[in-house]
Amino acid sequence: MSPTPTGEAAPPTAEGLPAALPDDSAAVLELAGKAAAEYVAALTDEPAAPRRQHEDDWQDALARFTGPLPDQGMGAAAAVRELAEHALPQAVRSSGPRYFHFVTGGTTPAALGADWLAATIDQNAAAWVCSPLATQLETVALGWLKELFGLPAPWGAVTTTGGTMANFTGLAAARRWWARRHGVDVDVQGLAGLPVMPVFGSGFAHASIAKSLGMLGLGRSALRRFPADGTGRLDLDALRTALRELDGAPAVLVATAGEPDAGRFDPVAELADLAAEFDVWLHVDGAFGLFAALDGRTAHLVEGVERAHSVAADGHKWLNVPFDTGFSFVRDPALLGSVFTNQAAYLVDVDDPHINYANLGPDNSRRARSLAVWATLAAYGRDGYRQLVSRHLAVATGFAEQVRQDPDLELLAPVVLNAVCFRVRPRGVPEGELDALNRRLAEQLLLDGRVHLGATTFDGRAALRPVFANWRTSPQDAGLILEVLRELLDRETAA
Ligand SMILES: *Cc1c(COP(=O)(O)O)cnc(C)c1O
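Residues numbered from 1 in each chain as written. Predicted model: local features only at pLDDT ≥ 70, side-chain atom pairs only at ≥ 80, totals over all residues. Heavy atoms only, no water.

## A few points about the overall build of the protein chain
Okay, so step 1: Within the protein chain one finds 14 helices and 11 strands.
Okay, so step 2: Since a compact globule built from 495 residues should have a radius of gyration of about 23 Å, the 26 Å found for the protein chain is in line with a globular shape.
Okay, so step 3: Taken over the C-alpha atoms alone, the protein chain extends approximately 100 × 60 × 40 Å along its principal axes.
Okay, so step 4: Looking at the 495 residues of the protein chain, the share that counts as buried comes to 49%.
Okay, so step 5: At a minimum sequence separation of 6, the contacts of the protein chain that also span at least 24 residues come to 72%.
Okay, so step 6: Positive and negative side-chain charges in the protein chain, numbering 42 and 60 respectively, have mean positions lying 5 Å apart. (Helix = DSSP H or I, 4+ residues; strand = E, 2+ residues; numbered from the N terminus. Rg over C-alpha atoms; globule rule 2.2 N^0.38 Å. Buried < 20%, exposed > 50% of the residue type's maximum accessible area, 1.4 Å probe, protein only. Contact = heavy atoms within 4.5 Å. Lys, Arg positive; Asp, Glu negative; His and termini not counted. Charge placed at Lys NZ, Arg CZ, Asp CG, Glu CD.)

Put into structure tokens, the structure is as follows:
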């Protein structure tokens, strides 16, 4: 800056600065909007994924998206058009009606529209001072979710990126509670000097429980499972014995409300009884299973969840909001603040009377995920979600009935919720060959692309496990799974 004759700095001008980015936002948004509308309109009829001959074909299909960082950019409209024309066709239609993998839901029209707006206003939902709007919508949306799931209103709650981080958040609160029982402020002092935190669960406990324990420094091996049999079902007597053997030492119980293989539940109410009898923190992982509360036929599965100390749920599963959204609910709201409060001179004061969500969960800067959650609940209400759940229960039972009636198929577990675990068992194929056959068919299903679903091992046997959680899914979409399987099987036997 050159000094003026009086010695004062001249006011800065834009002259001589590098060019600002061109503002073609309106054109870019119009282009993106048109591409998105076309994509969504085609979801109902299009295959769940592009058809491939071999897994390696994905590399060729995506070869366009390689290469070094360009020196000269192509411009915003061209970049977005490139994605619209060449990337979107390569997307797995995970928001479409024939995607049955990983308990993933789609995104409701209300949630999708709202999520666009969230990207548009680009709020930081970290603190009230960054966005009173996002903070307010998050508070309202979390309150509505508590009502939906039958959780008490005074509980603390925070939006996370998914079920894993919701489990992490609940278990972080549990860790604080447990360490305090040992006279230690673990969030200040750390774990040194503390014993291993006992964490007990069934064979259903999701992989993200062990992962969270690892991230929390408690160690993945802190989780002890008490399976009654090869299916992972809880051995309640063995669990009770283990609790007694703790001799009064505090422990954490993990109840799984809906596991992703066959939608099965730990006995939540009985675990809540145990938590009351022993010095136990009860964490419920209800990533998708909490929605069982919405239907009279399944509500008993989540009875007792309101007696837990922390509860995890997912948004991008049965709620049908876009990735990545989850929710952590904690009975004692003060614990979240004690674990997660950030302290720095430039951040919000710890005594700030407003809710500052960065101080209640693992993230600092946060996307305003609440807009999609608020909008979908405002749009469809409790009744809309009741109907959604009831529809998926009907689709799952109808599909399971088709499996039962087909002599070449075997249902491996009773249907409790929205997952159906089965395998192909053609007449004349020896038991010893069934695992390999089912795994081959599972791979071929993914290459075929018309439907998208996953394989698992259930009670030692290779199995297929479609889950019905997308609002668009119809019984015909589910039925297509069996049509495609039949075709693949015929091709297999002809070969
Ligand atoms: C999906 C799932 C998770 C993990 O959720 P993400 O959103 O994938 O992190 C945890 N627990 C259960 C029971 C799940 O089904």
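Moving on, there is more to tell.
## Considerations on the UniProt feature "modified residue: N6-(pyridoxal phosphate)lysine" (unreviewed entry) in the protein chain
Okay, so step 1: On the UniProt side, "modified residue: N6-(pyridoxal phosphate)lysine" (unreviewed entry) is annotated at positions that read K317 here.
Okay, so step 2: With a relative accessible area of 14%, K317 lands in the buried category.
Okay, so step 3: Leaving out residues up to four positions away in the same chain, K317 has contacts with F102, V103, T104, G105, A287, F288 and A469. (UniProt positions renumbered as here; feature names shortened; annotations may be inferred.)

## Section: the domain arrangement of the protein chain
Okay, so step 1: With domains assigned, the protein chain is organised as domain 1 (25-95) and domain 2 (110-379).
Okay, so step 2: Just the C-alpha atoms count here: the centres of domain 1 and domain 2 sit 35 Å apart. (Domains from an automatic or database assignment.)

## Brief notes about the nonpolar core
Okay, so step 1: L145 and F329 are the most contacted members of the largest nonpolar core, which has 89 residues in total.
Okay, so step 2: The element best represented in this core is helix α6 (residues 163-181), accounting for eight residues.
Okay, so step 3: Setting aside residues no more than four positions away along its own chain, F329 makes contact with L142, L145, K146, F149, L151, W155, G156, A157, H309, S310, V311 and A313.
Okay, so step 4: In this structure, F399, A400, F422 and L480 belong to the second largest nonpolar core, which totals 28 residues. (Core = buried A, V, L, I, M, F, W, Y, C linked by side-chain atoms within 4.5 Å.)

## Concerning unusual backbone geometry
Okay, so step 1: In this chain, F323 is followed by D324 through a cis amide linkage whose omega measures -5°.
Okay, so step 2: Tracing the chain through its elements places D324 in the loop between β6 (310-314) and β7 (326-330).
Okay, so step 3: Non-glycine residue N320 carries a positive phi angle of around 60°.
Okay, so step 4: Relative to the assigned elements, N320 resides in the loop between β6 and β7.

## Considerations on the site of the ligand
Okay, so step 1: Lining the immediate environment of the ligand, one finds 13 residues, of which T164, D285, D314, H316 and K317 sit closest.
Okay, so step 2: Between T164 and the ligand, the recorded distance is 2.6 Å, taken from a side-chain N or O atom to an oxygen atom.
Okay, so step 3: In this structure, H316 approaches the ligand through a side-chain N or O atom, which is 2.7 Å from an oxygen atom.
Okay, so step 4: Within the complex, the protein chains bury 84% of what would otherwise be the 380 Å² of accessible surface of the ligand.
Okay, so step 5: Each residue belonging to the shell around the ligand can be placed in one class, and the counts come to two nonpolar, eight polar and three charged. (Near = heavy atom within 4 Å. Polar contact = N/O pair within 3.5 Å; in protein donor to acceptor, adjacent residues only side chain to side chain. Areas by Shrake-Rupley, 256 points an atom, 1.4 Å probe, with all protein chains shown as cover. Nonpolar A, V, L, I, M, F, W, Y, C, P; charged D, E, K, R; others polar.)

## Topic: the sheet that holds strand β5 (residues 280-285)
Okay, so step 1: Strand order in the open sheet formed by seven strands is β1-β7-β6-β5-β4-β2-β3, with mixed pairing between adjacent strands. Across the chains shown, the open sheet's two edge strands, defined by having one partner strand only, are β1 (156-160) and β3 (223-225). Along the sheet, successive strands turn relative to each other by an average axial angle of 20°, direction set aside.
Okay, so step 2: Sheet analysis places β1 next to β7, joined by five bridges and oriented antiparallel. The residue of β7 that forms the bridge with A157 is F329. (Pairing = 2+ DSSP bridges. Axes fitted to C-alpha atoms, helices over the stretch in contact; angles between N-to-C directions.)

## Digging into the side chain of D477
Okay, so step 1: As for its position among the elements, D477 is in helix α14 (residues 475-494).
Okay, so step 2: Judged by its relative accessible area of 10%, D477 falls in the buried class.
Okay, so step 3: Polar contacts involving the side chain of D477 include one to the main-chain amide nitrogen of S474, which spans 2.9 Å.
Okay, so step 4: In contact with D477, other than residues within four places in its own chain, are P97, R98, F100, V451 and R472.

## Quick look at a nonpolar patch on the surface
Okay, so step 1: On the surface, a cluster of nonpolar side chains totalling about 250 Å² of accessible area is made up of L62, F65 and L83.
Okay, so step 2: Take L83: it is sitting in helix α3 (residues 76-87).
Okay, so step 3: Judged by relative accessible area, which is 45%, L83 ranks as partly exposed. (Patch = residues over 30% accessible without salt bridge, like charges linked within 9 Å, V, L, I, M, F, W, Y side chains within 5 Å. Salt bridge = Lys/Arg side-chain N within 4 Å of Asp/Glu carboxyl O.)

## Quick word on the environment of M165
Okay, so step 1: Structurally, M165 is set in helix α6.
Okay, so step 2: Once the C-alpha coordinates of M165 and E433 are considered, the two residues, 268 residues apart in sequence, prove to be 39 Å apart.
Okay, so step 3: Apart from residues lying up to four places away in sequence, M165 is in contact with T160, M215 and P362.

## So, the pattern of salt bridges
Okay, so step 1: Enumeration according to the criterion identifies 32 salt bridges in this entry.
Okay, so step 2: Salt-bridge contacts for K317 lead to D314; the nearest nitrogen and oxygen are separated by 3.4 Å. Judged on exposure class, the residue K317 and its partner D314 are both buried.
Okay, so step 3: Measuring nitrogen to oxygen at the nearest pair gives 2.9 Å for the salt bridge that ties R450 to D448.
Okay, so step 4: Given a relative accessible area of 26%, R450 falls into the partly exposed group.

## Let's talk about the pairing of β5
Okay, so step 1: The buried fraction of β5 amounts to six of the six residues, a majority that puts the element mostly inside the structure.
Okay, so step 2: Neither face of β5 is left uncovered, since the one carrying V280, L282 and V284 and the one carrying W281, H283 and D285 both have all their residues buried.
Okay, so step 3: Relative to β5, strand β4 (residues 251-256) runs parallel, the two sharing six bridges. Bridged to V252 within β5 is W281.
Okay, so step 4: Handedness of the crossover is the feature at issue here: the chain leaves β4, passes through helix α10 (residues 268-277), returns alongside β5, and the resulting connection is right-handed.
Okay, so step 5: Pairing between β5 and β6: three bridges, direction parallel. Across the sheet, the residue bridging to D285 is A312, located in β6. (Right-handed = clockwise from strand over helix to strand, strands pointing away.)

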